[in-house]
Amino acid sequence: IYETLTGREVAARPGTVHALCSFGEALYDGGSYGGIYETLAGKEIGRREGEVLALAAHEDALFDGGGDGRIHETLTGREVVARGGSILSLCSHGGQLHDGTSEGLICETITDRKLADRDFPVTALCSHRDRLYDGGPYGFIYDTLEGRMVVGGIKAVTAMVSMPPDVFRALWARAQEG
């Protein structure tokens, strides 16, 4: 795991890192290794049967989802919901936690209310400027709640993040240098 702007390695794991999430004052990671770690401390804070594919902070809790189709409140280990497919994405938006699955479902996690059913796995969810967006491996980004495509024709969407414009400009400038 590397610090983005400096390129400095901050942690190493025994497998692929699939998810990073800031919660409270700490950074957390999960991946193919089944453990969920407080990244910088190197402390395992949870363990799952299979891969951890998604992490999200929502209200006063951290949540994780993975290949077994279950979403847990990470720090307590309490199972919140089980879906038919793998949990590929989690996102807090509008006072609700949302999840996206390998089967194309997008739901409000806690209420279990179905919001959308895509023809592709939902590999990314993102809350940006009061809207929820979803994307997948076929190169589309949708406004989730309106159900309309807002971006198409890109190779694939595996992750999305909302950031202030000044942070984006700094990252873009760094990418252009190298």
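Residues numbered from 1 in each chain as written. Predicted model: local features only at pLDDT ≥ 70, side-chain atom pairs only at ≥ 80, totals over all residues. Heavy atoms only, no water.

## Some words on the side chain of Arg83
Following the sequence through the fold, Arg83 ends up in the loop between β8 (79-82) and β9 (87-93). By relative accessible area, Arg83 is classed as buried at 14%. Polar side-chain contacts of Arg83 include one of 2.4 Å to the side chain of Asp112. Here Arg83 is in contact with Gly69, Asp99, Thr101, Cys107, Glu108, Thr109 and Asp112, once residues within four sequence places are set aside. (Helix = DSSP H or I, 4+ residues; strand = E, 2+ residues; numbered from the N terminus. Buried < 20%, exposed > 50% of the residue type's maximum accessible area, 1.4 Å probe, protein only. Polar contact = N/O pair within 3.5 Å; in protein donor to acceptor, adjacent residues only side chain to side chain. Contact = heavy atoms within 4.5 Å.)

## Here we look at the pairing of β8
Two faces make up the sheet, and in a regular strand the side chains alternate between them. Two strands pair when backbone bridges link them, and strand β7 (residues 70-73) and β8 are joined in this way by three bridges, in the antiparallel orientation. Note on β8: the bridge partner recorded for Arg70 is Ala82. In sequence, β7 turns back onto β8 through a hairpin of five residues, with Gly77 there showing a positive phi of about 80°. (Pairing = 2+ DSSP bridges.)

## Focus: the sheet that holds strand β16 (residues 148-151)
Backbone-to-backbone hydrogen bonds pair the strands of a sheet. The strands run either parallel or antiparallel. With antiparallel pairing, four strands are arranged side by side in an open sheet as β13-β14-β15-β16. Each having just a single partner strand, β13 (124-128) and β16 make up the two edges of the open sheet. Geometrically, the sheet is characterised by an average inter-axis angle of 35° between neighbouring strands, direction not taken into account. (Axes fitted to C-alpha atoms, helices over the stretch in contact; angles between N-to-C directions.)

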